[in-house]
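What the coordinates show
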Amino acid sequence: MSTRSDQVIDLPVPTARPAGAKPLSAADVLGIPALPPGAVARGGTRIRAAVSRTADQLAMPPVQILEGIFGLLDHRVLVALCEAGVPEALDRPMTCDELAADLGVDPDRLNRIVRYAIAKRWLRLDRQNRVRPTPFTKFLHHDHPGGWRAWVEFAAGDEVIRAVGALSAEATDEDGFERVNGSPFFEWMESHPARWSVFDAAMAAGGRMHGLALASTLKWPSAPTICDVGGGTGDLLAVLLDRFPAATGMVFDLPDVVARAVDHERLVATAGDAFVAVPKGFDTYLLVNVLHDWSDEDSLTILGNVADALPADGRVIVVDSEQQRVPRDTLGVGADILMAALTSGGRERSVRDFERLGQQCGLRLVKAHRLVSGDRAYELTRATNGTGS
Ligand SMILES: C[S@@+](CC[C@H](N)C(=O)[O-])C[C@H]1O[C@@H](n2cnc3c(N)ncnc32)[C@H](O)[C@@H]1O
């Protein structure tokens, strides 16, 4: 259980966002002209899984073993490319030597790293032996509006590498992250502010994607009031507020996080502890990628506090990856294993799990919407059939 006991503190309302800040589009955040419905995105995931299955059947088992081991290098090569500044420097087709000269790095070493990236189809090699940028490298540019580069930087942190390196099939009550880093994830972040900002930025990238997906997938009233619980720096909420001009919202998170919240004229940032209480009076409460950080017991405390704050006709939207019977979505299983490495009891859950958790908090699961990200948005309202409190 959480040991936090801070009371809810109100921070000043942030000043208006810079005039002219352009609302983010699907192209900015996902690299596609428009968001497809969740079911279409799911079809795409299934097709990719089927194609990969066929490709794997063509590989001999030892090749598959070695490819699995070399997966270890994927992340490191990605980090090395970003550290060297390849996404920024590669703004036109260039030979590897030209790229190395621009970056001031060793041409042979860069060539080997670039060749790995070409084999992974992250970069392209043209007929003139020039390396070409791809949408993938554009998205890794540190100025890209989607902000996905922060994920590479977050996953490159020693604390993450230590925790992932310690992952095993041994089930233990111990918090794996705490065992190798000395304190549980969010406490560790509190004492490492630079790393916490990187984590926030990585969360913000996913948050922008979820903001667009929730705006287009759910039905919204004309002037929704939204509280994003554990909403990080408010980037998701800002996307929703941009989309619905009469909407107002509050991002509710730990003090150090809301201190870094985005400026938006209709967004209030409030610091507090969702294990203690959640502000009342909003018609929509969001818990996006929050419950998957926690055990069932902790999730019930958070969800219970949200249920206590919920007006009679309000709704709670929980977004997490879905634990599927047949695990086809590699992002979903990846998120689940990451939670196993970084948290104590955090996990991805099934639709039934959310039905059960909701019931235990007096909430009824109305619908499990599919999102373009592959995640689910679980829409819960107060139970009216007497099953809840
Ligand atoms: C995995 S992040 C998700 C952030 C955001 N919802 C998103 O999807 O981008 C979990 C968030 O929960 C916040 N958090 C952790 N413990 C909390 C607590 N006790 N009360 C409120 N927020 C908390 C973290 O600071 C972090 O912003």
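Attention now moves to the overall build of the protein. Looking only at helices and strands, the protein has 17 helices and 10 strands in total. The C-alpha atoms of the protein give 22 Å as radius of gyration, which agrees with the globular expectation for 389 residues (21 Å, within 12%). A total of 389 residues make up the protein; the buried ones form 46% of that total. Within the protein, contacts between residues at least 6 apart in sequence are counted, and of these 67% link residues at least 24 apart. Carbon and sulfur atoms make up 56% of the accessible area of the protein, which amounts to about 19500 Å² in all. Charge-centre separation for the protein: the mean point of 41 positive side chains lies 9 Å from the mean point of 51 negative side chains.

What follows deals with the pattern of salt bridges. Under the definition given, this model contains 19 salt bridges. Between D28 and K22 there is a salt bridge, with its nearest N and O atoms 3.5 Å apart. Between D108 and R112 there is a salt bridge; the shortest N-O distance is 3.7 Å. Here D108 pairs with R112, and both are found in helix α6 (residues 107-119), just four residues apart, close to one helical turn. Residue classification places D108 among the partly exposed residues on the basis of a relative accessible area of 45%. Look at R112 and you get exposed, because its relative accessible area is 53%. Among the charged side chains, a network of salt bridges with common partners joins D296, R349, D353 and R356.

This part takes up the environment of D200. Turning to its location among the elements, D200 is positioned in helix α12 (residues 193-217). Take D200: its relative accessible area is 7%, and that puts it in the buried class. Between the alpha carbons of D200 and A261 there is a distance of 9.7 Å; along the sequence they are 61 residues apart. Not counting the four nearest positions on each side in its chain, D200 is found in contact with T233, V257 and R260.

Attention shifts here to the side chain of R149. Tracing the sequence through the fold places R149 in helix α8 (residues 149-155). Classification of R149 as buried rests on a relative accessible area of 10%. Of the polar contacts made by the side chain of R149, one reaches the backbone oxygen of C82; its length is 3.1 Å. Within the structure, R149 has its side chain in polar contact with the side chain of E153 (distance 3.1 Å). Residues within four places of R149 in sequence aside, it is in contact with C82, P87, E88, F139, L140, H141 and H142.

A word on the site of the ligand. Inspection of the region around the ligand gives 19 residues, with M203, G230, D253, D273 and V288 positioned closest. D253 has a polar side-chain atom sitting 2.6 Å from an oxygen atom of the ligand. Protein burial of the ligand: of its 590 Å² of free accessible surface, 96% is covered by the chains. Across the shell around the ligand, the residue classes break down as nine nonpolar, six polar and four charged.

Okay, the layout of surface pockets next. Of the voids in this model, the second largest pocket is the one considered here, and its volume is about 330 Å³. When residues of the lining of the second largest pocket are assigned to their parent elements, the largest contribution, five residues, is made by helix α2 (residues 38-57). For the lining of the second largest pocket, the class distribution of residues is five nonpolar, seven polar and nine charged.

Our focus in this paragraph is the packing of aromatic side chains. By the definition in use, this model includes 15 aromatic pairs. Seen from their ring centres, F154 and F185 are 6.3 Å apart, and the 85° between their planes marks the pair as edge-to-face. Here F154 is found in helix α8, whereas its partner F185 is found in helix α11 (residues 185-190), with 31 residues between them in sequence. Look at F185 and you get buried, because its relative accessible area is 7%. Through a chain of ring-to-ring contacts, three or more aromatic side chains come together here, namely W151, F154, F177, F185, F186, W188, F199, F275 and W294. The ring centre of W220 lies 4.6 Å from the NZ or CZ of R315, which sits over that ring.

Cut-offs applied
- Residues numbered from 1 in each chain as written.
- Predicted model: local features only at pLDDT ≥ 70, side-chain atom pairs only at ≥ 80, totals over all residues.
- Heavy atoms only, no water.
- Helix = DSSP H or I, 4+ residues; strand = E, 2+ residues; numbered from the N terminus.
- Rg over C-alpha atoms; globule rule 2.2 N^0.38 Å.
- Buried < 20%, exposed > 50% of the residue type's maximum accessible area, 1.4 Å probe, protein only.
- Contact = heavy atoms within 4.5 Å.
- Areas by Shrake-Rupley, 256 points an atom, 1.4 Å probe, with all protein chains shown as cover.
- Lys, Arg positive; Asp, Glu negative; His and termini not counted.
- Charge placed at Lys NZ, Arg CZ, Asp CG, Glu CD.
- Salt bridge = Lys/Arg side-chain N within 4 Å of Asp/Glu carboxyl O.
- Polar contact = N/O pair within 3.5 Å; in protein donor to acceptor, adjacent residues only side chain to side chain.
- Near = heavy atom within 4 Å.
- Nonpolar A, V, L, I, M, F, W, Y, C, P; charged D, E, K, R; others polar.
- 1 Å grid on protein atoms, 1.4 Å probe; cavity = no way out; pocket = protein on both sides within 12 Å on 5 of 7 lines; lining within 4 Å.
- Points joined across faces, edges and corners; volume = space filled by probe spheres on them.
- Phe/Tyr/Trp six-rings, centres within 6.5 Å; stacked < 30°, edge-to-face > 60°.
- Lys NZ or Arg CZ within 6 Å of the ring centre and 35° of its normal.

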